[in-house]
Amino acid sequence: SDVSNENALKMISDATNLLKLVRAYQAYGHYIAQLDPLGILHQGVDRKQFMPELLKKEHWGFTNNDYDRKIYIGDHSQFLQLMGVASPYVTLREVEAKLKEIYCGTIGYQYMHIANFQKNQFMRKTIEREIQDYQASKEEKIRILDRLLWAEEFEN
C-alpha cells in the first residue's frame, strides 16, 4: 500500500511539475528564442544568452533519466492542445521539444503579462496551435514580402 501511495504521489508530482515547466516556457521562453540571425551572441565570452533557471528541467525535479519515461497528464485540455495528441501520457522529451519549437524559435512570444484572462488565453491558443499549423500560400508569401518591402521603402 505504501508503494502505491508513493507511486501515486510521484505521478501527481511529475504531472504538476511538467505543467509548471510548460508555464515557465510560456512566461520565459522568449529569453532563449533564436533572435540572433548573425550569431553575434556567440562571439566573445561576454555575450552569453540569459537562461532562466525556471526553464531547466532540473529546477522542476527532472533529470536526463526522465526524458523517455511516460508521464501521466490525464485529460488536461490545454496540455493536450499544446501537444496535439489525444493520449493522456507524454514524455519529457516530447514536451520539451514542443515547448522549444513554439516558444524558443525565431519568434519570441511574450504574453503572460496580459492580465485579462480571455485575452491571455486567446494569445496562448493562437500561439500554441493556430500559428504552428499555419501554412502560407505562395500568393500570401508574395503579398507579405511586398508589404515588408513597401514598409522598408517608406521608412527610408
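The structure this text deals with has already been given above.
Quick caveat: nothing in here was measured; it's all calculated off a predicted structure.

**Q** Requested: an account of helix α5 (residues 138-155), with residues and values cited.
**A** Here α5 spans 26 Å end to end across 18 residues, near enough to the 26 Å set by a 1.5 Å rise per residue. Among the 18 residues in α5, 0 count as buried, and that is only a small part of the element.

**Q** Explain a nonpolar patch on the surface to me, and be specific about the residues and the numbers.
**A** A cluster of nonpolar side chains, Met11, Tyr72 and Tyr89, forms an exposed patch at the surface whose accessible area comes to about 300 Å². Considering the arrangement of structural elements, one finds Tyr72 in strand β1 (residues 70-72). Overall, the relative accessible area of 36% leaves Tyr72 in the partly exposed class.

**Q** Summarise the environment of Ile107; cite the residues concerned and give the values.
**A** Examined against the element boundaries, Ile107 turns out to sit in the loop between α3 (92-103) and α4 (117-133). Separated by 73 residues in sequence, Ile107 and Gln34 place their C-alpha atoms 7.2 Å apart. Those residues within four positions of Ile107 in sequence are excluded, and the remaining contacts are Ala33, Leu35 and Ile102.

**Q** Explain the pattern of salt bridges to me, using residue names and the numbers behind them.
**A** A full pass over the atoms with the stated rule returns 9 salt bridges. Across the pair Asp68 and Arg93 runs a salt bridge, and its minimum N-O distance is 2.8 Å. Within this pair, whereas Asp68 is found in the loop between α1 (2-28) and β1, its partner Arg93 is found in helix α3, the two being separated by 25 residues in sequence. Across the pair Lys100 and Glu96 runs a salt bridge, and its minimum N-O distance is 3.9 Å.

**Q** Describe the packing of aromatic side chains, with residues and values.
**A** For the coordinates displayed, the defined rule picks out 5 aromatic pairs. With 6.2 Å between their ring centres and 20 degrees between their planes, Tyr28 and Tyr31 make a pair best called stacked. Classification of Tyr31 by relative accessible area gives partly exposed; the value is 38%. Seen from their ring centres, Trp150 and Phe154 are 5.3 Å apart, and the 10 degrees between their planes marks the pair as stacked. Placement of both Trp150 and Phe154 in helix α5 is noted, with a separation of 4 residues, approximately one turn of the helix. Through pairs of rings, three or more aromatic residues link up here, namely Tyr103, Tyr109 and Tyr111.

**Q** I'd like a rundown of the side chain of Asn120, residues and numbers included.
**A** Structurally, Asn120 is set in helix α4. Residue classification places Asn120 among the buried residues on the basis of a relative accessible area of 7%. In this structure the side chain of Asn120 is engaged in a polar contact, spanning 3.3 Å, whose partner is the backbone oxygen of Ile114. A polar side-chain atom of Asn120 sits 3.4 Å from a polar atom in the side chain of Gln121. Beyond its immediate sequence surroundings of up to four residues, Asn120 is in contact with Tyr111, Met112 and Ile114.

Definitions and cut-offs
- Residues numbered from 1 in each chain as written.
- Predicted model: local features only at pLDDT ≥ 70, side-chain atom pairs only at ≥ 80, totals over all residues.
- Heavy atoms only, no water.
- Helix = DSSP H or I, 4+ residues; strand = E, 2+ residues; numbered from the N terminus.
- Expected span 1.5 Å × (residues − 1).
- Buried < 20%, exposed > 50% of the residue type's maximum accessible area, 1.4 Å probe, protein only.
- Patch = residues over 30% accessible without salt bridge, like charges linked within 9 Å, V, L, I, M, F, W, Y side chains within 5 Å.
- Areas by Shrake-Rupley, 256 points an atom, 1.4 Å probe, with all protein chains shown as cover.
- Salt bridge = Lys/Arg side-chain N within 4 Å of Asp/Glu carboxyl O.
- Contact = heavy atoms within 4.5 Å.
- Phe/Tyr/Trp six-rings, centres within 6.5 Å; stacked < 30°, edge-to-face > 60°.
- Polar contact = N/O pair within 3.5 Å; in protein donor to acceptor, adjacent residues only side chain to side chain.

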